[in-house]
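Per-entry structural report
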Amino acid sequence: SQQGEEDPQALSIQEGENATMNCSYKTSINNLQWYRQNSGRGLVHLILIRSNEREKHSGRLRVTLDTSKKSSSLLITASRAADTASYFCATDSNYQLIWGAGTKLIIKP
Amino acid sequence: ETGVTQSPTHLIKTRGQQVTLRCSSQSGHNTVSWYQQALGQGPQFIFQYYREEENGRGNFPPRFSGLQFPNYSSELNVNALELDDSALYLCASSPLAGGATDTQYFGPGTRLTVL
């Protein structure tokens with residue numbers, strides 16, 4: 001079963017614009033992670049935010065977490081062509097990560 | 001580069017056959033997790049090994065089994081292959097026990113096609 005649900009399923013923006021994608025989940029968590037996947041290959045870890053954190057930054061990435069609404073958002077600022085990928089949120093449940101179906105982001109030149 | 005490698009890259013099998021997929025984790029990473037990712041879906045957790053013992057399993061039948069070795073390598077074995085087993089299989093390593101609370105480092109995956 002998948003706990004996380006990303007929204008939107010697909011997003012197409014112009015290079016240089018900001019991209020925002022959202023994730024909702026169902027049960028309480030210890031942490032939430034965001035990963036990127038290029039062309040159906042391996043996943044690359046972007047950022048981990050713990051349940052007692054509300055916001056975290058890493059370069060052009062900004063992640064927020066609202067545990068009362070069981071939701072998180074990932075903002076990518078000043079998008080680049082290389083940001084074209086699928087983005088997944090994953091939440092911890094005991095020993096495993098539970099994943100959403102992802103947001104497919106396309107950056108148009 | 002995460003330092004996690006998987007082999008083979010692609011594999012084609014027929015229904016009913018058996019397959020072994022291999023993963024080499026980062027040195028010092030005692031936890032390895034295996035995931036199945038169908039096309040257009042997020043990964044599904046298969047199981048996790050910590051120091052050569054299975055310490056967690058997802059909703060997969062017993063024909064999915066694994067091994068972890070002291071040299072940070074691991075295997076995923078699938079018996080009696082079914083058409084629905086066609087997917088990308090990913091392994092991920094992490095330095096801590098109970099890898100879900102920690103960053104996981106993924107390999108590039110093995111694309112399995114069952115005909």
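Note that the structure is predicted; figures quoted are calculated from it, not measured.

Counting from both sides, the interface comprises 26 residues of chain B and, opposite them, 22 residues of chain A. Summed over both partners, the interface of chain B with chain A comes to about 1,800 Å²; 50% of that surface belongs to carbon and sulfur atoms. Summed over the shared surface of chain B and chain A, the number is 0 salt bridges. Linking chain B to chain A there are 5 residue pairs in polar contact (both at pLDDT 80 or more). Sorting the residues of the side of chain B that touches chain A by element identifies strand S4 (31-37), strand S5 (44-50), strand S6 (53-57) and strand S9 (87-94) of chain B as the ones contributing at least two each.

Residues and elements named next belong to chain B. By the definition in use, this model includes 7 salt bridges over all chains. We note a salt bridge from Arg-57 to Glu-54, for which the minimum N-O separation is 3.4 Å. Note on Glu-54: relative accessible area 37%, which makes it partly exposed. Residues Arg-63 and Glu-82 are paired through a salt bridge, measuring 3.3 Å at the closest nitrogen-oxygen approach. Taken together, the residues Arg-63 in the loop between S6 and strand S7 (64-68) and Glu-82 in the loop between strand S8 (73-78) and S9 connect sequence positions 19 residues apart. A relative accessible area of 40% places Glu-82 in the partly exposed class. Taken together, the salt bridges that share partners define one network made up of Arg-63, Glu-82 and Asp-85.

Looking now at the state of the cysteines. This structure, assessed with the given rule, holds 2 disulfides over all chains. One disulfide bridge connects A:Cys23 with A:Cys89, the sulfur atoms lying 2.0 Å from each other. Here the disulfide of A:Cys23 and A:Cys89 is right-handed, its torsion about the S-S bond being about 70°. Linking A:Cys23 in strand S3 (residues 19-24) with A:Cys89 in strand S9 (residues 85-93), this pair joins segments that are 66 residues apart in sequence. In this structure A:Cys23 comes out as buried when scored by relative accessible area, which is 2%. Taking relative accessible area as the criterion, A:Cys89 reaches 1% and is therefore assigned buried. Note that B:Cys23 is cross-linked by a disulfide to B:Cys91, the S-S spacing being 2.0 Å. The sign of the S-S torsion, about 70°, decides the handedness of the disulfide formed by B:Cys23 and B:Cys91: right-handed. A residue pair is termed long-range when its members are at least 10 positions apart, and B:Cys23 in strand S3 (residues 19-24) and B:Cys91 in strand S9 qualify at 68 residues.

All names here are of chain A. Taken together, 5 strands build an open sheet; the order of strands is S1-S3-S8-S7-S6 and the sheet is antiparallel. Two strands in the sheet have a free side with no partner beyond their single neighbour: strand S1 (5-7) and strand S6 (55-58). With direction set aside, neighbouring strand axes in the sheet form an average angle of 15°. Pairing of S3 with strand S8 (residues 71-76) involves 6 bridges; the strand directions are antiparallel.

A word on the nonpolar core. Core analysis: the biggest nonpolar cluster contains 22 residues, and A:Met21, A:Leu32, A:Trp34, A:Leu74, A:Ile76, A:Tyr87 and A:Leu105 have the highest contact counts within it. Listing elements by their share of this core, those giving two or more residues are strand S2 (10-14), S3, strand S4 (31-37), strand S5 (43-50), strand S7 (61-66), S8, S9 and strand S11 (103-108) of chain A. Other than its neighbours up to four places away in sequence, A:Met21 contacts A:Asp7, A:Pro8, A:Trp34, A:Ser72, A:Ser73, A:Leu74, A:Ile76, A:Tyr87, A:Thr103 and A:Leu105. Counting residues in each nonpolar core, the second largest holds 20 residues, with B:Leu11, B:Val19, B:Val32 and B:Leu112 among its members.

Definitions and limits used
Residues numbered from 1 in each chain as written. Chains lettered and ligands numbered in written order. Predicted model: local features only at pLDDT ≥ 70, side-chain atom pairs only at ≥ 80, totals over all residues. Heavy atoms only, no water. Contact = heavy atoms within 4.5 Å. Buried area = accessible area lost by both parts, 1.4 Å probe. Salt bridge = Lys/Arg side-chain N within 4 Å of Asp/Glu carboxyl O. Polar contact = N/O pair within 3.5 Å; in protein donor to acceptor, adjacent residues only side chain to side chain. Helix = DSSP H or I, 4+ residues; strand = E, 2+ residues; numbered from the N terminus. Buried < 20%, exposed > 50% of the residue type's maximum accessible area, 1.4 Å probe, protein only. Disulfide = S-S within 2.5 Å. Pairing = 2+ DSSP bridges. Axes fitted to C-alpha atoms, helices over the stretch in contact; angles between N-to-C directions. Core = buried A, V, L, I, M, F, W, Y, C linked by side-chain atoms within 4.5 Å.

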